[in-house]
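Read off the chains here:
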Amino acid sequence: MPLSTDQQAEIDQARGAAQPTLRPIAPALEEILFQALPVLDHGFVRVVDYMGDDAAVVQAARVSYGRGTKKVSEDRGLINYLMRHRHTTPFEMCEIKYHVKLPIFVARQWIRHRTANVNEYSARYSILDNEFYIPAPEHLAAQATTNRQGRGAVLEGAAARRVLDLLREDSERAYAGYAAMLNEDEAGAPVDSAWPGLARELARMNLSLNFYTQWYWKTDLHNLMHFLSLRADPHAQYEIRAYAKAMLDTLALWVPMTHAAFLEYRMNAGVISATGLAVIRRLLAGEQVDQPSSGLSAREWRELMALLRDPATP
Ligand SMILES: Cc1cc2nc3c(=O)[nH]c(=O)nc-3n(C[C@H](O)[C@H](O)[C@H](O)COP(=O)(O)OP(=O)(O)OC[C@H]3O[C@@H](n4cnc5c(N)ncnc54)[C@H](O)[C@@H]3O)c2cc1C
């Protein structure tokens, strides 16, 4: 359970304090507002605030005064059109704010996305919890042989046990060293009064990348979808993908029409080069095309064929 009793009580209190508002709300998202959605072994993502909904995207695109009188099908058609033609600014009118608890190595990938506002838990000011990420056995894998960035076969038996033991022992030792250097008990008093202890901003450097940090992360709908298109993609590392998948679920609750358009025209769509299009035209005309005669590199050819293959066909 990633939350302490006190933290859960704060969330329950916030959820119990409903207020009437004239602002548009997304009823399905309200159902999970503030609640922590578990990710990995100790992490979570929770929506703490949002502005706008599907109608706000439509309203901005039409520059209209009210919530509009058009039919739902017309709004859906407009959102699909905006998504298809990358008319992006109407999506920037909606904002969302998440509270995320995540391992530091995931945070390092995440923070590369510059189009968000971030405020991270200060380990200069506060003491980090003794919580570190240990992958579930099915995610412990050897280095991929075909892709220098990815994972290959899942580790099993003694190999898996050895890695898990090393990860756990190293993390526990690192935290014990951190705690010893801080020399503080829970009330902030020195454990060893004969020793001054080390500043929090220095002691933290002893912790490894699998320790958890936390931040508030706020972005607009357009940039959220850009983040998700990269980080919910199978090319992204499993750990950040786990967060992106949870956030994709919140997108569906918040802006269902935009979510559907995003899946249709971005997540489950493909980019085809000019040469790739020429290959498809030749194939449609009944021509036999192979990689050497296609004008595509071997890698591009493989990617195009993967795109054209029915995902249900092995
Ligand atoms: C599978 C994968 C592998 C990766 N591997 C590596 C790696 O090996 N090494 C590494 O360093 N990074 C790596 N990255 C990070 C990647 O290069 C990007 O930094 C990261 O995905 C953020 O993307 P972004 O810049 O589009 O996002 P954001 O920072 O959110 O920017 C969104 C968009 O805003 C615009 N923008 C933002 N800032 C600027 C700017 N200063 N100038 C011009 N336009 C701007 C761009 O159009 C950009 O696409 C990897 C990412 C992925 C998904």
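Before reading further, recall that the structure is shown in the block above.
Cut-off values and rules
Throughout this document, residue positions are counted from 1 along each chain, in the order its sequence is written. Only residues with pLDDT of at least 70 get local features here, since the model is predicted, and only at 80 or more are side-chain atom pairs given and counted; chain-wide, interface and lining totals rely on the full set of residues. For side-chain calculations, the full set of non-hydrogen atoms in the structure is used, while hydrogens and water are omitted. Two strands qualify as a pair provided DSSP detects at least 2 bridges between them. Helical segments are the DSSP runs of H or I of at least four residues, strand segments are the runs of E of at least two, and each set is numbered from the N terminus. Where helices are involved, their axes are fitted lines through C-alpha atoms of the stretch in contact, as for all axes, and angles between N-to-C directions lie from 0 to 180°. In this description, contact between two residues means that some pair of their heavy atoms is separated by no more than 4.5 Å. Summary of the burial criterion: residues with accessible area below 20% of their type's maximum are buried, those above 50% are exposed, and those between are partly exposed, where the area comes from a 1.4 Å probe applied to protein chains only. Put simply, a residue is near a molecule or strand once any heavy atom of it comes within 4 Å of that molecule or strand. Under this definition, polar contacts are N or O atom pairs within 3.5 Å; protein pairs additionally need one hydrogen-donor-capable and one acceptor-capable atom, and for neighbouring residues in sequence, both atoms have to be side-chain atoms. Where accessible areas are quoted, they stem from the Shrake-Rupley method and a 1.4 Å probe; at the residue level, only the protein chains shown are allowed to cover. By the convention adopted, Pro, Cys, Tyr, Trp, Phe, Met, Ile, Leu, Val and Ala count as nonpolar, Lys, Arg, Asp and Glu as charged, and the other residues, Gly among them, as polar.

## A look at the sheet that holds strand E1 (residues 37-39)
Ordered in space as E1-E2-E3-E7-E4, the five strands form an open sheet in which the pairing is antiparallel. Two strands close off the open sheet at either side, each with one partner strand: E1 and strand E4 (117-120). In this sheet, adjacent strand axes meet at a mean angle of 25° when their direction is disregarded. Here four bridges tie E4 to strand E7 (residues 212-220), and the two strands are oriented antiparallel to one another. Opposite Asn-117, over in E7, you have Lys-218 as the bridge partner. Relative to the sheet, helix H8 (residues 221-231) contacts strand E3 (95-103) and E7, its axis offset from that of E7 by approximately 130°.

## Focus: unusual backbone geometry
One non-glycine residue with positive phi stands out, namely Phe-34, at about 75°. Tracing the backbone through its elements, the reader meets Phe-34 in the loop between helix H2 (27-30) and E1. The backbone phi angle of Arg-86 is positive, close to 50°, even though this residue is not glycine. By the element assignment, Arg-86 lies in the loop between helix H4 (72-84) and E3. Exposure remark for Arg-86: the relative accessible area of 56% places this residue in the exposed category.

## Considerations on the site of the ligand
Arg-112, His-113, Arg-114, Thr-115, Gln-149, His-226, Leu-230, Arg-231 and His-235 make up every residue found near the ligand. Backbone polar atom of Arg-114 to an oxygen atom of the ligand: 2.6 Å apart, as the coordinates give it. Within the side chain of Arg-231, one N or O atom sits 3.5 Å away from an oxygen atom of the ligand. Protein contacts shield 48% of the accessible area of the ligand, which totals 940 Å² for the unbound molecule. Partitioning the shell around the ligand into residue classes produces one nonpolar, five polar and three charged.

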